[in-house]
Amino acid sequence: MGSLLCFSLIAFLLVLHPCFAKKTYIVHVKHHQKPSSYSTHHDWYDAQLKSLSSSSSNSESLLYSYDTAYPGFAASLDPHEAELLRQSDDVVGVYEDTVYTLHTTRTPEFLGLDNHLGVWAGHTQQELNSAAQDVIIGVLDTGVWPESKSFSDMGMPDVPSRWRGECESGPDFDPKVHCNKKLIGARFFAKGYRMSSSSSFTNQPRQPESPRDQDGHGTHTASTAAGAPVGNASLLGYASGIARGMAPRARVATYKVCWPSGCFGSDILAGMDRAILDGVDVLSLSLGGGSGPYYRDTIAIGGFSAMEKGIVVSCSAGNSGPAKASLANTAPWIMTVGAGTIDRDFPAYAVLGNGKKIIGVSLYSGKGMGEKLVSLVYNTDSSSSLCLPGSLNPKDVRGKIVVCDRGTNARVEKGLVVKEAGGVGMILANTVESGEELVADSHLLPAVAVGRKLGNVIRQYVKSERNPTAVLSFGGTVVNVKPSPVVAAFSSRGPNTVTPQILKPDLIGPGVNILAAWSEAIGPTGLEKDTRRTKFNIMSGTSMSCPHISGLAALLKAAHPEWSPSAIKSALMTTAYNRDTTNSPLRDAEGDQLSTPWAHGAGHVDPHKALSPGLVYDIRPEEYIKFLCSLDYEMDHIQTIVKRPNVTCAKKFSDPGQINYPSFAVLFGKSRVVRYTRTLTNVGAAGSSTYEVVIDAPPSVTVTVKPSKLVFKRVGERLRYTVTFVSKKGVSTMSKTTFGSISWNNAQNQVRSPVSYSWSQLFN
C-alpha cells in the first residue's frame, strides 16, 4: 500500500495533462502481497486504481478481477495511468490488451464413432455415453444458438451436483428457456470488447451483450464437441444425415468471449477464470493469436491454471499454413490441434469451351447454370485477379464467369464481388500457397473451387483462347473419398518458435468441410448480404478440428476419470496414425507432397486406440515448472504462469526438451549429442507386459535407446528409458530438418513418438 502513496504527487500532475484515450490493460500483480486490511483481491485492486486519480471516472476502471487464471486484473486506463501502475512495487507488469482471432457429420463415422461399434477397448458405446454424462466441456467462442436441436437434453439425467456454473440472461437470452440438462452453462464476457467498441479504433456495430451466438462459429464448435444426435441434418441438401458431436452425451457450457471486433485477451482470461471455477473438465478454444513468451500468452497462462485443476485444454493450431513456424497455442500443457480432410467431398465441375472437364468442389445450392457455355474472364491485375471489393469493372464481367485467385480476402466475399459486378459464375483457383487443397463454400452465385494445377490449366486456357468459355455444374455429396485424411494446406505448421525443443502441433483431426449446428442469426457465408438461414453449416479450419479433439478428450475422461490432462494428451498422440486410407504416408495438400510432423504432429487422431494406449507419458505440474525454469524466464514471469508465492527454480531442466513429452524435437547445436530421459506409465491390462523399442531414424543420425526392453509388472508402474541422438560426423550444420520416430511395441499396443531433427536454429 505504501508504494502507492508515493503516486499522489504524480497523480496530481496527471490532471494537468489533456485527456488521453483509455485502453484496456491487463495488470500482473504480486497478488500474494495483498495487505490484510483488504478482505478481497478485488478490493485491493480497486484501491490501487482509485489511488491513481481523484477523478470519479476511475470508479469504473476495474473491468475484471481474476481469481485463478491470472494473478491480477484488467482495467480501463489511459497511458499515463498505466505508467503509474508500472512504477508500483506491487505490480510486475502492465500489458495492453491483445486481440485474438477465431480459427475458422460425417466425422463420427470417419473416426469410427458410429453407434454400431460393439466393445471399445473394454467399454461399450452405451457405457461410454453414460459415463460422459458426468463430463463437462467448456467452449470459449462466440456464444451459442440454444434453440439448435444439437443442444437437446432429451433423456439426459440431472446436471452433475459439482457444477457451479450458471446461465446468464441477456436481451435475447432467457436462462429458464434456453438452458437445460445439456446446455448447462452460458455466460458472456464483454468488458474488453466494450472498451474497444467505445473507442475510435473500430467501426464494428455493437452486438447485444448476451450468451447468444450472432456469428455461428461458437454454435458450430460446441456442437462438434458434444452435440446431441440430430437426424436429417444438412446444409441446404449437402452432407445430409445424422449430425452428432464427438461426445454426444457430455454436457456443454459456453463462454462468449468473441465479438465482431475479435476476442480480447481480458475477456478470454475472464472466461477461462470462470470456467475453471465453474468446474469444467475440458476447455475448448478454437482461437489464438501470434506466438510469444508464455508469460505474455493469455491462453497459455489461463491454460496452466486449468491444467493444475485437472482440466484438459484443447486449442486450435491456427490457419496460417502452409508457412513454417506459423503456430499459435504452443505451450506444452496445451493440446495443439491441426486440421486434415475427411472422406467426404462435394464435387463440382467446370467444363471449358475446348471440352476439358475440370473437377473442383462447391456447396452452391441455388439454381444451376444449365448447359450453355458463357464467356470466361481472368484479369491478371493483382486486385482484379484476387476479386477484391471494388476491383472488378462491370463492363468486363457482366454475364460472364470470372476466374478469381484464392488469397487475401474471404473466399465467399470473392463470389459476392463477382455477383455484384454482374458476373454469373466464379471459378476460385488456388495459387502456390494453397496448393491442391479444396475447401467447399456455400457461395451466393454458381462457383467452383479448384486446385493450383487445374487453376493454372484454366488460366492458360483463358490467356491462349480468343473467346474462352465455360459452364459450371454441381455434383452433390460423395463419400469414401481417397486418399484421406490429407493435411490441410491452411493448417499452421511447426516448428515451435517459442520453444523449439517441443514439437508442435501435437496431432491433427478433421477440419475440412465439417457439418455442425449453426446460428440462425446469420447466413451460411457469414456475409451481411447473405439472407439465407440454415440450422447447420459446413465450415473448415483448425477451429473445426479443435472441438473434435476436445470431444474425444471428454470421452477419454469419461472412460478414465483418474487420468491427468497430460495422460489424456499422451494417449491421443501416441496412438495417432500416419498412413491414409490407401495405406500410404500422410500427404500434405500443399503441393500434394508427403506431410511431416511439423504439419501433422504425432499424426491423425484414432479414438479407438486412444482409449487403450497401453502406456502414457505423464507430466506433473512440478515438471512444467522445471520446464519453465529451463527457459531462463525471470522469476516474476514464471509466477505469472504458475501463480504460486513460493515457486523457485531450485530444480530445473538443463534443456526444455527434457520434459516428459510424448514427442521429441532434437536440436543439434554446439554438440553432436542430445540425450533425453523419458518415463512411461503402464495403463494397460493387469499383469506383466513387455514392450520392445522400434527406432526409425534418418541416415544422418544414430539413435540409441537404453534399455531396449521395458517389462511392466503392474498397472501404474513407471519405467524410465534414455534415448541418445548422435549427429553423424560430416553432417552439415545447414542440413535440412529430417524426421523419424521411436515406438514401444507389444502384441497389443504401439506407443509411437514422432521425432524431428534440426541442425540449425534457422529451421531451413
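Criteria and cut-off values
- Think of each chain on its own: its residues are numbered from 1, step by step along the sequence as written.
- At least 70 in pLDDT is required for a residue's local features to be given in this predicted model, at least 80 for side-chain atom pairs to be given and counted, and no such filter applies to totals for whole chains, interfaces and linings, which use all residues.
- With hydrogens and water set aside, each side-chain value is computed from the structure's full complement of heavy atoms.
- Going along the chain from the N terminus, every DSSP run of H or I of four or more residues is numbered as a helix, and every run of E of two or more is numbered as a strand.
- Just to be clear, the radius of gyration here is over C-alpha atoms, and the globule rule we use is 2.2 Å times residues to the power 0.38.
- Only protein chains enter the area calculation, which uses a 1.4 Å probe; residues under 20% of their type maximum are buried, those over 50% are exposed, and those in between are partly exposed.
- In these tables, accessible area is a Shrake-Rupley quantity obtained with a 1.4 Å probe, and a residue counts as shielded only by the protein chains included in the view.
- Residues scored as positive are Lys and Arg, those scored as negative are Asp and Glu, and His as well as the terminal groups of each chain are ignored.
- Where a charge lies is defined by one atom per residue type: Lys uses NZ, Arg uses CZ, Asp uses CG and Glu uses CD.
- Helix span, as expected, comes to 1.5 Å for every residue beyond the first.
- Directions drawn from the helix axis to the C-beta atoms are what define this arc.
- Salt bridge criterion: a side-chain nitrogen from Lys or Arg within 4 Å of a carboxyl oxygen from Asp or Glu.
- Two strands are said to pair when DSSP picks up at least two bridges between them.
- The predictor attaches a confidence to each residue, and that confidence, scored 0 to 100, is pLDDT.
- Throughout, a contact is declared for two residues whenever any of their heavy atoms are within 4.5 Å.
- Definition used in this section: a nonpolar core is a set of buried Ala, Val, Leu, Ile, Met, Phe, Trp, Tyr and Cys residues joined via side-chain atoms within 4.5 Å.
- Aromatic pairing here means that ring centres of Phe, Tyr or Trp (its six-membered ring) are within 6.5 Å. Orientation follows from the plane angle: under 30 degrees is stacked, over 60 is edge-to-face, and everything else is tilted.
- The criterion is that NZ of a Lys, or CZ of an Arg, lies within 6 Å of the ring centre and within 35 degrees of the ring normal, and then a charge sits over that ring.
- For helices, the axis comes from a line fit to the C-alpha atoms of the stretch in contact; other axes are also lines fit to C-alpha atoms, and the angle between any two N-to-C directions lies between 0 and 180 degrees.
- Angle categories: roughly parallel below 35 degrees, roughly antiparallel above 145, roughly perpendicular from 65 to 115, and oblique for all the rest.
- Asp, Glu, Lys and Arg are counted as charged, while Ala, Val, Leu, Ile, Met, Phe, Trp, Tyr, Cys and Pro are counted as nonpolar; the rest, among them Gly, fall into the polar class.
- As defined here, a cavity is a set of points on a 1 Å grid over the protein atoms alone where a 1.4 Å probe fits but cannot get out. A pocket is an open set with protein on both sides within 12 Å along at least five of seven lines, and residues line them when an atom is within 4 Å of a point.
- Grid points are joined across faces, edges and corners, and a volume is the space filled by probe spheres set on the points.
- Disulfides are defined as pairs of cysteine sulfur atoms found within 2.5 Å of each other.

Caption draft 1: Layout of the overall build of the chain. Helix and strand counts for the chain come out as 21 helices and 42 strands. For 764 residues, the compact-globule estimate of 2.2 N^0.38 gives 27 Å, and the chain sits close to it at 27 Å. Dimensions along the principal axes, computed over C-alpha positions, put the chain at roughly 80 × 70 × 60 Å. Here the chain holds 764 residues, and 61% of them are scored as buried. Of the roughly 28,900 Å² that the chain leaves accessible, carbon and sulfur atoms contribute 51%. The averaged location of the 65 negative side-chain charges in the chain is 6 Å from the averaged location of its 75 positive side-chain charges.

Caption draft 2: Spatial organisation of helix α15 (residues 452-464). Relative to the 18 Å expected for 13 residues at 1.5 Å per residue, α15 spans 18 Å between its end C-alpha atoms, a close match to the ideal helical length. The set of residues buried in α15 consists of Gly455, Ile458, Arg459, Tyr461 and Val462. Each buried residue of α15 sits inside an arc of 160° when the element is viewed along its axis, so together they form one side. Those residues of α15 that are exposed and aimed more than 90 degrees away from the buried face are Lys463 and Ser464.

Caption draft 3: Region of interest: the pattern of salt bridges. For the structure on display, the rule yields 25 salt bridges. Between glutamate 96 and lysine 23 there is a salt bridge; the shortest N-O distance is 3.4 Å. Of this pair, glutamate 96 sits in strand β4 (residues 91-96) while lysine 23 sits in strand β1 (residues 23-29), and the two are 73 residues apart along the sequence. Exposure remark for lysine 23: the relative accessible area of 28% places this residue in the partly exposed category. The partner of arginine 187 in a salt bridge is glutamate 166, and the shortest N-O contact between them spans 3.9 Å. Placement of arginine 187 in strand β9 (residues 183-188) and of glutamate 166 in the loop between β8 (136-141) and α7 (175-178) is noted, with a sequence separation of 21 residues between them. We classify arginine 187 as buried; its relative accessible area is 6%.

Caption draft 4: Representation of the sheet that holds strand β5 (residues 99-102) within the structure. An order of β13-β14-β5-β16 is seen for the four strands of this open sheet, with the pairing classed as antiparallel. Looking at strand neighbours, the two that pair on one side only are β13 (258-259) and β16 (287-288), the edges of this open sheet. Relative to β16, β5 is paired through two bridges, and the arrangement is antiparallel. Considered in β16, the bridge of leucine 102 is made with leucine 287.

Caption draft 5: Expanded view of the confidence of the model for the chain. Counting all residues, the mean pLDDT for the chain is 90, and 92% of those residues have values of 70 or more. pLDDT under 50 marks residues 1-19. Its contacts with residues more than four places away, or in other chains, come to 22 contacts. In the model, residues 115-120 has pLDDT below 50 throughout and makes 16 contacts with residues more than four positions away in sequence or in other chains.

Caption draft 6: Up close: the nonpolar core. Grouped together as the largest cluster of nonpolar side chains are 63 residues, with contacts concentrated most on Ile268, Leu283, Leu285, Tyr294, Trp333 and Leu628. Ranked by size, the runner-up nonpolar core spans 41 residues in total, among them Ala186, Ala222, Met246 and Leu507.

Caption draft 7: Main features of the packing of aromatic side chains. A complete count under the given rule lists 22 aromatic pairs for this structure. A centroid spacing of 4.9 Å and a plane angle of 5° characterise the contact between tyrosine 193 and tryptophan 259, whose relative ring orientation is stacked. Within this pair, whereas tyrosine 193 is found in helix α8 (residues 191-198), its partner tryptophan 259 is found in strand β13, the two being separated by 66 residues in sequence. The residues tyrosine 193 and tryptophan 259 share a single accessibility class, namely buried. Here a set of aromatic residues connected by ring pairs shows up, and it is made of Tyr64, Tyr66, Tyr70, Phe189 and Tyr255. Over the ring of tyrosine 349 we find lysine 357; its NZ or CZ atom is 4.4 Å from the centre of that ring. Above the plane of the ring of tyrosine 676 lies arginine 678, whose end atom (NZ or CZ) is 5.5 Å from the centre.

Caption draft 8: Quick look at the packing of helix α11 (residues 298-308) against helix α21 (residues 635-642). Where α11 meets α21, the axes come as close as 7 Å, and the angle between the chain directions of the two elements is 55°. It follows from the interaxial angle that α11 and α21 lie oblique. The residues of α21 that touch α11, namely those facing Ile301, Phe304 and Glu308, are Thr640, Ile641 and Val642. Counted by class, the contact of α11 with α21 contains four nonpolar, one polar and one charged residues.

Caption draft 9: Inspection of the pairing of strand β38 (residues 701-706) at higher detail. Residues Val701, Val703 and Val705 point to one face of β38 and are all buried, whereas Thr702, Thr704 and Lys706, pointing to the other face, are not buried. Of the pairings in the sheet, the one linking β38 to strand β40 (residues 718-727) comprises six bridges and is antiparallel in character. The residue bridging valine 701 from the neighbouring strand is serine 727, located in β40.

Caption draft 10: Up close: the sheet that holds strand β2 (residues 62-65). Taken in spatial order, the four strands of this open sheet run β2-β3-β1-β4, and their pairing is antiparallel. The sheet terminates laterally at β2 and β4, the two strands that pair on one side only. Each neighbouring strand pair of the sheet contributes to a mean axis angle of 20°, computed without reference to strand direction. The pairing of β1 with β4 spans five bridges and is antiparallel. In the sheet register, tyrosine 25 faces β4, and the bridge partner there is glutamate 96. Sitting on the sheet, helix α4 (residues 79-86) touches β1, β3 (72-77) and β4, and the angle it makes with β3 is about 150°.

Caption draft 11: Structural detail: the layout of surface pockets. By volume, the second largest pocket is sized at about 750 Å³. Of all the secondary-structure elements, those providing two or more residues to the lining of the second largest pocket are α18 (597-600), α19 (607-611), β37 (689-696), β41 (738-745) and β42 (750-758). For the lining of the second largest pocket, the per-class residue count stands at 10 nonpolar, 18 polar and four charged.

Caption draft 12: Seen up close, empty space enclosed by the protein. Taken as a whole, the largest cavity spans an internal volume of roughly 90 Å³. Around the largest cavity, the lining residues are Ile26, Tyr70, Tyr95, Glu96, Asp97, Thr98, Leu269, Tyr295, Arg296, Thr298 and Ile301. For the lining of the largest cavity, the secondary-structure elements that each account for two or more residues are β4 and α11. Its residues assigned to classes, the lining of the largest cavity shows six nonpolar, two polar and three charged.

Caption draft 13: The arrangement of the side chain of threonine 254 in detail. Take threonine 254: it is sitting in strand β12 (residues 251-256). Overall, the relative accessible area of 1% leaves threonine 254 in the buried class. Setting aside residues no more than four positions away along its own chain, threonine 254 makes contact with Val139, Val144, Leu183, Gly185, Ala186, Arg187 and Ala222.

Caption draft 14: Up close: the state of the cysteines. Evaluated as defined, the whole model comprises four disulfides. With a sulfur-sulfur separation of 2.1 Å, cysteine 258 is cross-linked through a disulfide to cysteine 263. Across the S-S bond linking cysteine 258 and cysteine 263, the dihedral sits near 105°, which makes this disulfide right-handed. Exposure class is identical for cysteine 258 and cysteine 263. Each is buried. Between cysteine 387 and cysteine 404 runs a disulfide, and the two sulfur atoms are separated by 2.0 Å. Here the disulfide of cysteine 387 and cysteine 404 is left-handed, its torsion about the S-S bond being about -85°. Separated by 17 residues along the polypeptide, cysteine 387 in the loop between α12 (382-385) and α13 (394-397) and cysteine 404 in strand β23 (residues 401-405) bring together distant segments of the chain. Comparing cysteine 387 with cysteine 404, the two get one shared label, buried. Indicated for the chain is the disulfide connectivity 1-2, 3-4, 5-6, 7-8, based on numbering the bonded cysteines in sequence order.

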